[in-house]
Amino acid sequence: MAALLLKRLTSQTIKTGSNYISRCPGKCTLRETISAQRSLRASVPRLSSWVHAKAFSTVADPQDERKKKKKSEPAFNSIGRKIHERVIHVLDEAGNDLGNMHRADVIRLMNERDLKLVKRDSGTESPQYQLLTGAQIHKEQLRLRELEKANPKAGPTLTKELSFSSNIGQHDLDTKSKQIQQWIEKQYKVQITIKKGKNPEEPEQKMEEICNQILQTMPGLATFSSRPQPVRGGKAVMCVLRHLSKKEENAWREAQGTQKGDALNKEDRNNQESDVVHQ
């Protein structure tokens, strides 16, 4: 009796399981797939210890620093034997034109004569190079440095500003004029603003006269970049002084020489006329 009951229960359990699988095959398949993926992940070793990612850093790359240093080196320099072009135009150490040459022939010539190669002009169809000795390269570098010192690149002109009242005393005006002259000598522009004094009887043109008076203390050195003009509704006058250019300096010297010569000639004529009268 017990065996029969156990057999019925087993049979019923098998049927129930079969019916459940037939009703939801997707869920069973999904569970089997997830189990298979988990077992696969467990069997695959982790790669985190194998991959070395480049860390982020704000420190400059040494390669970038080397590139900057290369850019700051003198433009006139030996390129060694790294000739990127296949055919180049070559001049020898005496300046003779050797025409277009293959880079292999150029390197052979460098080895034979113990010369170095310098790029002269890369803008032509066949880049132009010259073979030079180390002494020639050094001499040319010194010449270029001296030329650069003699003709520095012009930077932006800085402007100094100065403001004072038109009732300024002569001593204070002289002090300010000396300060302006020092700035002008350093190639600064100087913006001067002269405010109208409180004296109602002060002449209207006094502010402009002060600007001209300051300029007259620097003959052959400064001129107006901006002439005196009213500002602040006529309550002040502003002007800008700048250093004379080389051309203006030369013209001023020539004018001074001409005036001095005219004065001497006039004095000689007066002396001659005086001698004639006495005779």
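Residues numbered from 1 in each chain as written. Predicted model: local features only at pLDDT ≥ 70, side-chain atom pairs only at ≥ 80, totals over all residues. Heavy atoms only, no water.

- Per an unreviewed UniProt entry, the protein carries the name Mitochondrial translational initiation factor 3 and comes from Mustela putorius furo.
- Quoted verbatim from the Sequence similarities (unreviewed entry) heading of the UniProt record, the comment on the protein is "Belongs to the IF-3 family." (UniProt positions renumbered as here; feature names shortened; annotations may be inferred.)

## Remarks on the sheet that holds strand 3 (residues 116–121)
For step 1, the next point in the chain: With respect to topology, 4 strands assemble into an open sheet ordered 2-1-4-3, the strand pairing being mixed. In this open sheet, the two strands that pair with only one neighbour each are strand 2 (97–102) and strand 3. Averaged over all pairs of adjacent strands, the angle between strand axes in this sheet comes to 35°, irrespective of strand direction.
For step 2, the next point in the chain: Relative to strand 4 (residues 128–132), strand 3 is paired through 5 bridges, and the arrangement is antiparallel. Paired with L117 across the two strands is L131, which belongs to strand 4.
For step 3, the next point in the chain: Lying over the sheet, helix 4 (residues 103–113) contacts strand 1 (87–91), strand 2, strand 3 and strand 4, oriented at roughly 120° with respect to strand 2.
For step 4, the next point in the chain: Along the sheet, helix 5 (residues 134–150) contacts strand 3 and strand 4; its crossing angle with strand 3, the most-contacted strand, is approximately 40°. (Pairing = 2+ DSSP bridges. Helix = DSSP H or I, 4+ residues; strand = E, 2+ residues; numbered from the N terminus. Axes fitted to C-alpha atoms, helices over the stretch in contact; angles between N-to-C directions. Contact = heavy atoms within 4.5 Å.)

## Notes on the pairing of strand 6 (residues 189–195)
For step 1, the next point in the chain: Sheet topology places strand 5 (residues 159–165) next to strand 6; 7 bridges connect them, and they run parallel. Paired with L162 across the bridge in strand 6 is I192.
For step 2, the next point in the chain: Handedness of the strand 5-helix 6 (residues 170–185)-strand 6 crossover: right-handed.
For step 3, the next point in the chain: With 6 bridges connecting them, strand 6 and strand 8 (residues 236–243) associate as antiparallel partners. By the bridge assignment, V190 is partnered in strand 8 with L241. (Right-handed = clockwise from strand over helix to strand, strands pointing away.)

## Overview of the environment of V240
For step 1, the next point in the chain: Tracing the chain through its elements places V240 in strand 8.
For step 2, the next point in the chain: As a C-alpha pair, V240 and V190 span 50 residues in sequence and 5.5 Å in three-dimensional space.
For step 3, the next point in the chain: Discounting chain neighbours no more than four positions away, the residues touching V240 are K189, V190, Q191, T223, F224, S225 and S226.

## Some details on helix 4
Residues three or four positions apart in an α-helix share a direction because the helix packs 3.6 residues into each turn.
For step 1, the next point in the chain: Looking only at helix 4, the buried set comprises V106, L109 and M110. The arc that holds every buried residue of helix 4, seen down its axis, measures 100°, which confines them to one face.
For step 2, the next point in the chain: Buried positions along helix 4 lie against strand 1, strand 2, strand 3 and strand 4. (Buried < 20%, exposed > 50% of the residue type's maximum accessible area, 1.4 Å probe, protein only. Arc of directions from axis to C-beta.)

## Side note on the confidence of the model for the protein
For step 1, the next point in the chain: Summing up the model confidence of the protein, the mean pLDDT is 75 and the portion of residues at 70 or higher is 62%.
For step 2, the next point in the chain: Considering only residues more than four positions removed or in separate chains, one finds that residues 24–30, a stretch of pLDDT under 50, has 2 contacts.
For step 3, the next point in the chain: Counting contacts from residues 47–60, a segment whose pLDDT is below 50, to residues more than four positions away or on other chains yields 2 contacts. (pLDDT = per-residue confidence, 0-100.)

## A look at the nonpolar core
For step 1, the next point in the chain: Counting residues in each nonpolar core, the largest one holds 22 residues, and the members touching the most others are F164, I180, I184, I192, I214, M218 and L241.
For step 2, the next point in the chain: At the level of secondary structure, the elements contributing two or more residues to this core comprise strand 5, helix 6, strand 6, helix 7 (206–216), strand 7 (222–231) and strand 8.
For step 3, the next point in the chain: With 5 residues, helix 7 is the single largest residue contributor to this core.
For step 4, the next point in the chain: Those residues in contact with L241, other than ones at most four positions away along the chain, are I180, I184, Y188, K189, V190, I192, I214, L215, M218, T223, F224 and S225.
For step 5, the next point in the chain: Residues V90, M101, M110 and L131 belong to the second largest nonpolar core, which totals 11 residues. (Core = buried A, V, L, I, M, F, W, Y, C linked by side-chain atoms within 4.5 Å.)

## A look at the packing of aromatic side chains
In this description, an aromatic ring pair is defined by two values, namely the gap between the centres and the angle between the planes.
For step 1, the next point in the chain: Summed over all chains, the structure comprises 0 aromatic pairs.
For step 2, the next point in the chain: Sitting above the plane of the Y188 ring, K160 keeps its charged end 5.0 Å from the centroid. (Phe/Tyr/Trp six-rings, centres within 6.5 Å; stacked < 30°, edge-to-face > 60°. Lys NZ or Arg CZ within 6 Å of the ring centre and 35° of its normal.)

## Points about the state of the cysteines
For step 1, the next point in the chain: For the structure on display, the rule yields 0 disulfides.
For step 2, the next point in the chain: For the unlinked cysteine C211, the closest cysteine sulfur is that of C239, found at 3.3 Å. (Disulfide = S-S within 2.5 Å.)

## So, helix 6
For step 1, the next point in the chain: Taking 1.5 Å of rise per residue, the 16 residues of helix 6 would be expected to cover 22 Å, and the 22 Å separating its terminal C-alpha atoms lies within 8% of that figure.
For step 2, the next point in the chain: Buried within helix 6 we find L173, S177, I180, W183 and I184. Along helix 6, the residues classed as buried sweep out an arc of 120° about the axis, all on the same side. Opposite its buried face, helix 6 presents the exposed residues H171 and K178, each directed more than 90 degrees away.
For step 3, the next point in the chain: Lining the buried residues of helix 6 we find strand 5, strand 6, helix 7, strand 7 and strand 8.
For step 4, the next point in the chain: The positive-phi residue at the C-terminal boundary of helix 6 is Q187, with phi of around 70°. (Expected span 1.5 Å × (residues − 1).)

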